[in-house]
Amino acid sequence: MNRIYLSPPNMGQYEQKYVQEVFDSNWIAPLGPQVDAFEREMCDYIGVNHAAALSSGTAALHLALRILGIKENDVVFCSSLTFAASASPILYEKAVPVFIDSDRETWNMCPIALERALSEYKKRNHLPKVVIVVNLYGQSADYDRILEICYCYHVPVIEDAAESLGASYKNRKSGNFGVMSVLSFNGNKIITTSGGGMLLSNNEDFIKKARFLATQARDNALHYEHSQLGFNYRLSNVLAAIGRGQLQVLDDRVRAKREVFQRYYDVLSPIEGIEFMPEAAYGISNRWLTVMTIDSEKTSIDRTQLIEILEKYNIESRPVWKPMHLQPLYRNYDYYTATPGISISDELFNNGICLPSGSDLSVTDRDRIISIIKKALKNV
Ligand SMILES: Cc1ncc(COP(=O)(O)O)c(C=O)c1O
C-alpha cells in the first residue's frame, strides 16, 4: 500500500511553465524576475504593500527580529503551541522567550493569558520588545483583541502565518496583521516551493532592510563593503517560479483542504469523545491540517494508540505540536496561562492528533482512513 502522508506537496499545472521561463532565460542564480513577480503577486493576494521572498519561514522570522533590533536579554513573547521554528530565532538573537498559552475556542494565543503576562512584565519593568503570534494549523489568531492589548503596552506584533496562507480574519487575508508577517513554503505547507518563506509588511523600510540583510548586508560600494552582519537568506529564482504557479491554485487548495476536514468532521464528530479543532466565527481557516482531540476515557483509545494503528496501515498522522514550554530547550523560561495551573496547550498536546490532510487526498484514501479510525475508536 502506498504511504499516505500528512500534507504532501500538490503541484498544479502552471509551475512548470514558469520554471521553463527560468531555464529559457538562464536566470538560475538567486533573485531575478520570478522572485520580483512572486513577491508582487503575493502582496496582491494578501493585500500588503511589500514583501521579501526568502529561503525559509524561519529566516523570515529571524530577519523580523533583527529588523526590530532584538538583542541579547530582550524579552520576546511567543505562542507556546507551535512548531519550534516560531521560537528558534529568539534564541538565535540570545533574547529571552516567554511563552503564552492558547485559548480553547481557537487554539491560538489566549488574549487573557497575554494580558496577564504583559501586566506582570510591566511591573518588572521588562516589557517584551515584540510578541510573535502564531496562526495554528491554518486558523488566524484573534488579532483585534491581541493587537488592542499589545497597543496598550506599546508592544509590536509579528504574525507567524506560516501555516495559515489562504485563511482570513474578518475578511482580511492571513499575513496582513502586525508590523510584519511571515509565510512558509516548506514542503508540507498549503503551497510549497520545496523550501522557502516570505516576510511581508506595509512598512517599506522594513522590507528594504530585510532584502539588505538577506543578501549578506552588502553596503552600496563597487567593491564588497560590509558594515553590518548579513545572511544568505534569499529565495532562488527557480523556486520563486514554482511559488508563482502554486499561488495560482492556492484558493483551490484551501477549498480542497476544507473539504477533507468536512468529511472527517461529518463522520467522526458524532462519536463520543471526539472533538475537532473549532473554527472561530471571526474568520475562515485554510484547514492546513485536520486536527481532532480524543478523550480516551470515552473512546478507550488515546491519540498515541491511534497514531500507531494508522501507522500499521502506512498512514502518517502525528500528535499536535508539543508546546514550547514543555520542550527541554525551553524548560527554564516563563509560561503564562489564563488561569494559573490550567494549561490548554498541554491538554491539546496530550489528546490531539493531526490527520492526513493532503489537498490531493483521494476520496478512496480519505474514506479508508476514516473507516480505520472509526473501527479503532469503537473496538479498542
Ligand atoms: C508555525 C510555523 N512557524 C514557522 C515555520 C518555519 O517555516 P520554514 O519551515 O519555512 O522555515 C513553520 C513551518 O515549518 C511553522 O509551522
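Everything below is about the structure printed above this text.
Residues numbered from 1 in each chain as written. Predicted model: local features only at pLDDT ≥ 70, side-chain atom pairs only at ≥ 80, totals over all residues.

Close to the ligand lie 14 residues, the nearest being Ser56, Gly57, Thr58, Ala85 and Ser184. When the residues that make up the shell around the ligand are grouped by side-chain class, the tally is four nonpolar, eight polar and two charged. (Near = placed C-beta within 6 Å. Nonpolar A, V, L, I, M, F, W, Y, C, P; charged D, E, K, R; others polar.)

Attention now goes to unusual backbone geometry. The backbone of asparagine 26 sits at a positive phi, close to 60°, despite the residue not being glycine. Note that asparagine 26 resides in the loop between helix H1 (15–25) and helix H2 (33–46). Here the phi dihedral of lysine 94 falls at roughly 60°; this positive angle occurs in a residue that is not glycine. Turning to its location among the elements, lysine 94 is positioned in the loop between helix H4 (88–92) and strand S3 (96–100). (Helix = DSSP H or I, 4+ residues; strand = E, 2+ residues; numbered from the N terminus.)

In this section: the nonpolar core. Among the nonpolar cores identified, the biggest contains 109 residues, and Leu54, Leu63, Ala64, Met198 and Leu199 are the most heavily contacted of them. The dominant element in this core, judged by the number of residues it contributes, is helix H3 (residues 57–67), at seven residues. Two domains each put at least three residues into this core: domain 1 (15–249) and domain 2 (251–379). Excluding its chain neighbours within four sequence positions, the residues that come into contact with leucine 63 are Leu199, Ala210, Leu213, Ala214 and Tyr233. (Core = buried A, V, L, I, M, F, W, Y, C linked by C-beta atoms within 7 Å. Buried ≥ 20, exposed ≤ 12 C-beta atoms within 10 Å, placed from the backbone. Domains from an automatic or database assignment. Contact = placed C-beta atoms within 7 Å.)

Once that is clear, we can look at the environment of serine 181. Turning to its location among the elements, serine 181 is positioned in strand S8 (residues 180–184). On a C-alpha basis, the gap between serine 181 and alanine 161 in space is 6.5 Å, while along the polypeptide they are 20 residues apart. Excluding anything up to four places from it in sequence, serine 181 contacts Glu159, Ala161, Gly175, Asn176 and Leu200.

A word on the pairing of strand S4 (residues 130–134). Along S4, five of the five residues are buried, which leaves the element largely enclosed by surrounding structure. Covered by surrounding structure in S4 are Val130, Ile132 and Val134 together with Val131 and Val133, the residues of both alternating faces. Sheet topology places S4 next to strand S5 (residues 157–160); four bridges connect them, and they run parallel. Paired with valine 131 across the strands is valine 157, a residue of S5. For the crossover that starts at S4, traverses helix H6 (residues 143–152) and ends in the parallel S5, the hand is right-handed. (Pairing = 2+ DSSP bridges. Right-handed = clockwise from strand over helix to strand, strands pointing away.)

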